[in-house]
Amino acid sequence: MSDAIGWRRSFGLREAGVYYALALLMAVLALAAAANGLPPYFSTGNLTNIAYQASLVGIMGVAMTIVLITGAFDLSVASVAALAAAVLIGLSPVIGFPLALVAALATGAGIGLVNGAIVNLIGINAFIVTLGTLTAVRGLVMVLTDGRSLMVEDPTVLAQMLAFERTRVPAFWPLLLLGLAALAVGVGMMLRRRRQGRALRLGLMIGAAVMVIAALAAGPGFALPVTVAYLLVITAVAALVLSRTVVGRRFYATGGNAEAARLSGIDVTAYKIGAFVLSGLAAGFAGALFASRLGAMNPTALQGTELTVIAAAILGGTSLFGGAGSVVKTVVGALILFTLTNGFNILNLGASYQGLVEGTVVIVAAAIYTVGGRRGVAA
Amino acid sequence: MPLLSARGVAMRYPNGTVALRGVDLDVPAGRVTALVGANGAGKSTLIRILSGAARPTGGSLEWLGQATAFRRPVDARRAGIATIHQHIPLVPTLSVAENILIDRGGIARTQAGDREAVAALLARLDARIDPDARVGDLGIGDRQAVAIAAALAVDAKLVIMDEPTASLAGHERAAVYRVIRQLADEGRAVLFISHFLDEIVRLSDWVAVLRDGGIVLDAETDALTEADIAGAMAGRQFVALARRERAGMGEPRLTVEGLATPALAEPVNLSVARGEIVGLAGLLGSGRSELLHAIFAADRHATGLVGVDGEPVGRSVEERIAAGIALVAEDRVGQGLVPAFDIRRNVALPVGGGWLVDDEAERAAAARAIETLAIKAQGPETAVAELSGGNAQKVTIARWLRPHTRVLLLDEPTAGIDIGARSEILRLIRGLADEGMAIVVASSDFAELLVLADRVLVLRDKRIIASRDAAGLDEDTLILLAGGSAPQGSAS
């Protein structure tokens, strides 16, 4: 009943489990690597690599979380990303990279709009609609590419693509300063909230601490792949909008109780469609990054990635019934999945077990959230 | 020997609420017994006990002369008691036949003779329903018939019906009446609950009136008039608040002209003055919620003019809210609160204000609401899921307590709320009116409406059938207007 429980609950499995899971997983992998005489696990190179690999799924996961918060579902993201990639590669030599990038993003947002409109204006279940667009958009990719791989030949375009995807941005000072600032805000908030006995924003504190530690450990020359920087910026913006603005509040209200939101004057339909547009836009951006990574794509690119994206959101504790979810935790969920992949690689365990372990992890996480959630309500 | 007799049945909930304080009731075979009572009199609790859904905390039940304690609903059903709840629990995707035979044993989904058995049952009810039709495709009257057929299929000796006609149109009601009579003529017992006094007088052999958890009238129907029954229902032991004559009203604040919607039988014209409290009296299904939703534009099909302080207002919820109209919906859980939000965020839900969330301002507003409405909660960050009914209701009202609100529409604001919180809410509503708000409040608790309202509109069958000054009105009259045969002559 009391808020002191709310305060304590911020450290419980239900609220903070995903952070513990990532820390535990990394610790286990670090010990295993050390025991097997492998190079140190906690190296800048290795950790940056995990973040880099997780960035596309992370970016789509942020938008997916918003869709899930509104109580819907988007299965089409990977197909949309592939279509955006095809648009970028196909159009870049013709209209130039910047315009092609805009076209790719517009394609993604456009399909999101179609998804959202069909789901909300006609009233068909989101699962069915996006299962349809998943298939149809992949078919469109096949049509556009004629079933063959696409490649960029033009060296200027290739250079622009590499600049868009491969640059490393100096990260020491930004990380250190931002981290310290966030830490200061977080500690201040924590002291105040603890006095008031209210729930803490643990994500902010942990994020800040990780930023500071990462910067200090990596040294002044530390540079991040720009893709990771995109992920950080997108996550930060989404997290701030969701937690600090009225718009964010309304996304949660729309998913938490659509009728109550409607009777409070919130345009529920607009928010639900808006979430799909954001999801399409994020998928378009991820697709553009994917295309720029190699300057090439094949028509089956990213197939099945939508499930990884959804798994990341579930690992992060997002409710499939809407009304609850955190983009930061979704990104941590994506990091867990890619840390697992990375761990299998460095320990040379073979890919055969990977799916088995990942699937189990997702179910265990969901079980912890469900049981923990029930206890939370009972308390 | 009565089929079922209750002796001193009492029910005291763990939170201390006493729903039944020793009920004695006999239900003999071959008789239609009407169970009547105002909201909160204990009817549903008694039904839950008789149908095995709840166990009494005192007293005993005798079934066929033997002391019995039903532990689960299935025990009561096996014994021969079929209960038809107000919200009929049928499976909409299955056929009529499958629904009727839903608890038949066996392995095969359809067995030889099923069709004939179902057809025979339906024929007995004079219901022309295709046994193969999907229940989801049926109208509500036909569904009622299917539920009754399902009760007959298990050869129930006692059929309990909870407000079987509340949501039915006239001709559908007639069909239900015929079935009820027929069940009694076959030697079964029928216990039915209704708010419609005319149908009680016409249909039942015996009337039991429940008030404040006890039987206050138990008599043969022929010896009674509608007024006798209304008199027994009214005169509750408590009225949360005393009536108070209020000062004169100001200018018209809310004006409604030609407000029409498919949910109402005819267009509504209405004017509510500054500081006036208009009560909407009506039974379940009378159209009181529909009227409020139409005024608020929450009903998308509503057309007509709605104005506030002489200014016409656009036809969307957003515009109505912007003009200062607010609705506190009937279903707190389904339409009012966002369960995952705390009090602060639920109070801050309505549109308006800036882009950024101002934590401190919201917390201050929520803290103010907690104080002025006496919400029992630790603080603004308490989850609404942890609140009791009365406190949750206060949160849904608190949401609209801002200077901006000029018209407040309340749908059953005190339903399911304990007396303490109830009088606080009534006092609050009166205070808001004193400050100049125009208030329309719908309630099926007529005693309360009479205490609160300046003027009462009576709704029945989706139309306003009477408008009375509350000062000269008593509860009996209101019960007769809303559920009796007085005003229209024929209600069926």
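Residues numbered from 1 in each chain as written. Chains lettered and ligands numbered in written order. Predicted model: local features only at pLDDT ≥ 70, side-chain atom pairs only at ≥ 80, totals over all residues. Heavy atoms only, no water.

Colleague: Could you give me a rundown of the interface of chain A and chain B, with the residues and numbers involved?
Modeller: Counting from both sides, the interface comprises 26 residues of chain A and, opposite them, 40 residues of chain B. Where chain A abuts chain B, roughly 2700 Å² becomes buried across the two surfaces, and 51% of that area is made up of carbon and sulfur atoms. The largest contributions to the chain A side of the interface with chain B come from A:Arg249, A:Arg262 and A:Leu263, which together make up 26% of the buried area. Here chain A and chain B share two salt bridges between them. Here A:Arg244 makes a salt bridge to B:Asp359, at a shortest N to O gap of 3.0 Å. Remark: the boundary between chain A and chain B carries eight residue pairs in polar contact (both at pLDDT 80 or more). For the side of chain A that touches chain B, the secondary structure elements donating two or more residues are helix H8 (172-196), helix H11 (246-256) and helix H12 (258-263) of chain A. (Contact = heavy atoms within 4.5 Å. Buried area = accessible area lost by both parts, 1.4 Å probe. Salt bridge = Lys/Arg side-chain N within 4 Å of Asp/Glu carboxyl O. Polar contact = N/O pair within 3.5 Å; in protein donor to acceptor, adjacent residues only side chain to side chain. Helix = DSSP H or I, 4+ residues; strand = E, 2+ residues; numbered from the N terminus.)

Colleague: Could you give an account of the domain arrangement of chain A, with specific residues and numbers?
Modeller: By a widespread convention, an interface's size corresponds to the accessible area lost as its parts come together. Segmenting chain A into domains produces domain 1 (56-171 + 225-378) and domain 2 (178-221). Distance from the C-alpha centre of domain 1 of chain A to the C-alpha centre of domain 2 of chain A: 27 Å. (Domains from an automatic or database assignment.)

Colleague: Break down the packing of aromatic side chains for me, citing the residues and quoting the values.
Modeller: Applying the stated criterion across every chain yields a total of nine aromatic pairs over all chains. Every member of this aromatic cluster is reached through a ring pair, and the members are A:Phe97, A:Phe164, A:Tyr230 and A:Phe285. Over the aromatic face of A:Tyr52 sits the side chain of A:Arg293, whose NZ or CZ is 4.2 Å from the ring centroid. Over the ring of B:Phe341 we find B:Arg345, and its NZ or CZ is 4.6 Å from the ring centre. (Phe/Tyr/Trp six-rings, centres within 6.5 Å; stacked < 30°, edge-to-face > 60°. Lys NZ or Arg CZ within 6 Å of the ring centre and 35° of its normal.)

Colleague: Residue-level account of the environment of B:Asp358, with values.
Modeller: Tracing the backbone shows B:Asp358 in the loop between helix H12 (343-347) and helix H13 (359-372). Sequence separation of B:Asp358 and B:Leu3 is 355 residues, and the distance between their C-alpha atoms is 64 Å.

Colleague: Before we move on, can you summarise empty space enclosed by the protein with the specific residues and values?
Modeller: To find leftover empty space, one rolls a probe the size of a water molecule over the atoms. Counted by the stated rule, this structure contains six cavities of 30 Å³ or more. Its boundaries defined by the atoms lining it, the largest cavity holds a volume of some 50 Å³. Along the walls of the largest cavity sit A:Leu263, A:Ser264, B:Leu327, B:Val328, B:Ala329, B:Gln335, B:Gly336, B:Thr396, B:Arg399 and B:Trp400, which together make up its complete lining. Among the elements of the structure, strand S16 (325-328) and helix H11 (332-336) of chain B are those that each provide at least two residues to the lining of the largest cavity. The residue inventory of the lining of the largest cavity, partitioned by class, reads five nonpolar, four polar and one charged. (1 Å grid on protein atoms, 1.4 Å probe; cavity = no way out; pocket = protein on both sides within 12 Å on 5 of 7 lines; lining within 4 Å. Points joined across faces, edges and corners; volume = space filled by probe spheres on them. Nonpolar A, V, L, I, M, F, W, Y, C, P; charged D, E, K, R; others polar.)

Colleague: Describe the sheet that holds strand S14 (residues 303-308) of chain B, and please don't skip the residues or the numbers.
Modeller: Neighbouring strands of a sheet are bound in pairs by backbone hydrogen bonds; such pairs are parallel or else antiparallel. Residue and element names in this part refer to chain B. As summarised here, the arrangement of the four strands in space is S12-S11-S14-S15, forming an open sheet in which the pairing is antiparallel. Strands at the two margins of the open sheet, each flanked by one partner only, are strand S12 (268-273) and strand S15 (311-312). As paired elements, S14 and S15 share two bridges and run antiparallel to each other. Looking at S15, one finds that glycine 307 is bridged to proline 312. Sheet strands touched by helix H9 (residues 288-296): strand S11 (252-260), S12 and S14. Its angle to S11, the strand with the most contacts, is close to 105°. (Pairing = 2+ DSSP bridges. Axes fitted to C-alpha atoms, helices over the stretch in contact; angles between N-to-C directions.)

Colleague: An account of the domain arrangement of chain B is needed here, citing residue identities and associated values.
Modeller: Residue and element names in this part refer to chain B. Parsing chain B into structural domains produces domain 1 (2-234) and domain 2 (252-483). Each of domain 1 and domain 2 has a C-alpha centre, and these two points are 33 Å apart. Contacts between the two partners involve 15 residues from domain 1 and, on the opposite side, twelve residues from domain 2. In this assembly, domain 1 packs against domain 2 so that about 1100 Å² is buried in total across both faces, 57% of it on carbon and sulfur atoms.

Colleague: Tell me about the packing of helix H4 (residues 77-95) of chain A against helix H5 (residues 97-122) of chain A, and name the residues and values.
Modeller: Residue and element names in this part refer to chain A. Two elements in contact, H4 and H5, have axes whose closest approach is 8 Å; the angle formed by their N-to-C orientations is 155°. For the element pair H4 / H5, the angle class is roughly antiparallel. The handedness of the crossing between H4 and H5 comes out as right-handed. Residues Val80, Leu83, Ala84, Val87, Leu88, Leu91, Ser92 and Ile95 of H4 touch H5, and the partners they reach there are Phe97, Leu99, Ala100, Leu101, Ala103, Ala104, Thr107, Gly108 and Ile111. Residue composition of the contact of H4 with H5, grouped by class: 14 nonpolar, three polar and no charged. (Parallel < 35°, antiparallel > 145°, perpendicular 65-115°, else oblique. Left-handed = near helix turned anticlockwise from the far one by under 90°.)

Colleague: Could you give an account of the pattern of salt bridges, with specific residues and numbers?
Modeller: For the coordinates displayed, the defined rule picks out 30 salt bridges over all chains. Across the salt bridge formed by B:Arg115 and B:Asp132, the nearest N and O atoms sit 2.4 Å from each other. A residue pair is termed long-range when its members are at least 10 positions apart, and B:Arg115 in helix H4 (residues 114-124) and B:Asp132 in the loop between H4 and helix H5 (140-153) qualify at 17 residues. You can call B:Arg115 partly exposed: its relative accessible area is 45%. Among the charged side chains, a salt-bridge network with shared partners connects A:Arg244, A:Arg249, B:Arg344, B:Asp359, B:Glu360, B:Glu362, B:Arg363 and B:Glu381. (Buried < 20%, exposed > 50% of the residue type's maximum accessible area, 1.4 Å probe, protein only.)

Colleague: Kindly report on the sheet that holds strand S1 (residues 4-12) of chain B, identifying the contributing residues and their values.
Modeller: Residues and elements named next belong to chain B. With antiparallel pairing, four strands are arranged side by side in an open sheet as S2-S1-S4-S5. Strands with a single pairing partner mark the edges of an open sheet, and in this sheet they are strand S2 (18-27) and strand S5 (66-68). Sheet twist, expressed as the average angle between the axes of neighbouring strands with direction ignored, equals 25°. Bridge analysis of S1 against strand S4 (residues 58-63) gives five bridges, and the strand direction is antiparallel. Note on S4: the bridge partner recorded for alanine 6 is leucine 61. Contacts from helix H1 (residues 43-50) reach S1, S2 and S4, with the element oriented near 60° to S2.

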